[in-house]
Amino acid sequence: MNTHPNPTPLVSMTIGQALRTTAAQWPDRPGILFRKPRWQRSWQAFDQEVDRVARGLIALGFQKGDHIAIWGTNVPEWLLTQLAVARIGAILITLNPEWKQAELTYALQQSDTRGLVMIKGFEKPGKDKPFVYDYLGTLQAMIPELSGLPEDQDLQVAEFPALRRIVIVDDQRHPGMMRWEDLIASGDGVSDATLHQAEQQVDAEDVAMIQYTSGTTGFPKG
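Along each chain, the written sequence defines residue order, and numbers are assigned to residues from 1. Per-residue local features of the predicted model are confined to residues with pLDDT of at least 70, and side-chain atom pairs are confined, for both listing and counting, to 80 or more; whole-chain, interface and lining totals are unaffected and use all residues. With hydrogens and water stripped out, all remaining heavy atoms of the structure feed into the side-chain values.

**Student:** Looking at this structure, I do not really get helix 1 (residues 15–25). What am I missing?
**Tutor:** The α-helix winds at 3.6 residues per turn, so residues separated by three or four positions along the chain end up facing the same way. Along helix 1, the residues classified as buried are Gly16, Leu19, Thr22 and Ala23. Around the axis of helix 1, the buried residues are gathered within 130 degrees of arc, so they sit on the same side. By the convention used here, residues are in contact when the closest approach between their heavy atoms is within 4.5 Å. Every helix listed is a DSSP run of H or I at least four residues long, and every strand listed is a run of E at least two residues long, numbered separately from the N terminus. Contacts made by the buried residues of helix 1 are with helix 2 (43–59) and helix 3 (76–87). Exposure classes here rest on a 1.4 Å probe applied to the protein chains alone. A residue is buried below 20% of its type maximum, exposed above 50%, and partly exposed in between. Our arc is simply the arc of the directions from the helix axis toward the C-beta atoms.

**Student:** Hey, could you run me through the pattern of salt bridges in this one?
**Tutor:** Side-chain pairs of opposite charge can arise where the charged atoms are in close proximity. One side-chain nitrogen of Lys or Arg within 4 Å of one carboxyl oxygen of Asp or Glu is enough to make a salt bridge. Taken as a whole, this structure holds 16 salt bridges when the rule is applied. When the shortest N-O distance is used, the salt bridge between Asp47 and Arg20 registers 2.9 Å. Note that Asp47 is positioned in helix 2 and Arg20 in helix 1, a separation of 27 residues in sequence. Salt-bridge contacts for Arg173 lead to Asp182; the nearest nitrogen and oxygen are separated by 2.8 Å.

**Student:** Looking at this structure, I do not really get the packing of helix 2 against helix 7 (residues 192–200). What am I missing?
**Tutor:** Describing two packed helices takes the angle between their axes plus the distance from one axis to the other. Helix axes use the C-alpha atoms of the stretch in contact, all axes being lines fitted to C-alpha atoms, and the angles between their N-to-C directions lie in the range 0 to 180 degrees. As a packed pair, helix 2 and helix 7 sit with axes 10 Å apart at the nearest point and diverge in direction by 90 degrees. It follows from the interaxial angle that helix 2 and helix 7 lie roughly perpendicular. Here Asp51, Ala54, Arg55 and Ile58 of helix 2 lie close against helix 7, whose contacting residues are Asp192, Thr194, Leu195 and Ala198. Think of it as three bins: nonpolar holds Ala, Val, Leu, Ile, Met, Phe, Trp, Tyr, Cys and Pro, charged holds Asp, Glu, Lys and Arg, and polar takes everything else, Gly as well. A class-by-class count of the residues in the contact of helix 2 with helix 7 yields four nonpolar, one polar and three charged. Throughout this description, any angle smaller than 35 degrees is read as roughly parallel, any larger than 145 degrees as roughly antiparallel, any in the 65 to 115 degree range as roughly perpendicular, and the remainder as oblique.

**Student:** I keep staring at the packing of aromatic side chains and nothing clicks. Help me out?
**Tutor:** Each aromatic ring pair is specified by the distance between its two centres and by the angle formed by the two planes. The pairing test for Phe, Tyr and Trp rings, Trp by its six-membered ring, is centres within 6.5 Å, and the orientation test on the planes gives stacked under 30 degrees, edge-to-face over 60, and tilted for anything in between. All told, the structure shown has seven aromatic pairs when counted by the stated rule. Seen in terms of ring centroids, Phe122 and Tyr133 are 4.7 Å apart; in terms of plane orientation they differ by 10 degrees. Their pairing is stacked. Remark: Tyr133 occurs in strand 7 (residues 131–134) and Phe122 occurs in strand 6 (residues 121–124); sequence separation between them is 11 residues. Aromatic pair Phe122 and Tyr135: ring centres 6.0 Å apart, planes at 85 degrees, arrangement edge-to-face. Taken together, the positions of Phe122 in strand 6 and Tyr135 in helix 5 (residues 135–142) put the pair 13 residues apart, joining distant regions of the chain. One exposure class covers both Phe122 and Tyr135, and it is buried. Taken together, the ring pairs in this structure connect Trp71, Phe122, Tyr133 and Tyr135 into an aromatic cluster. In our convention, an over-ring charge means Lys NZ or Arg CZ found within 6 Å of a ring centre and within 35 degrees of that ring's normal. If you follow Lys124 out to its NZ or CZ, it ends over the ring of Phe131, 5.8 Å from the centre.

Quick look at the structure:
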């Protein structure tokens, strides 16, 4: 039952506003549940975590219209990134979890990706042996310059001129990449007013996501 007499039509709401409305209506209800890894949040707690990721993105200089790619499997950080990117008006670029180096290189270049959020990789069962997807190794082979770069510095790579930041979901530190936890921490100094200002610039008609095809019959298309 809708207890709001004049609700805002969904078509007129941004993704960020839709999440805020849900969190306000049902703050303590279970909102998000992952089985592996075990991760559960109420709507209010999830909304607050999205805020923290959004603040981190703002702290790194991301703003409305920037392209931020996500390369990973079904993990909580994927969903948090999607909602945080939408909250500040940036555009999420979704990358196929099973892409190899050639497809990834093409998509990052073609999409003018400015930021990349990624996991280390994953395995999935195969008939004779598991398929291993080593994201970290693939990216290090693609961008050998990473080995000599600090974690807290914007990238300047000739092959990927738009790419400025890489965030990896991992406890270990890697040259040229920022840990997910450090992304969250970087947003601690971003004020409520700054986040609110970023949200106010987002319109319901703005592009929120560009999805790429698998590229099995040609180059991936956004």
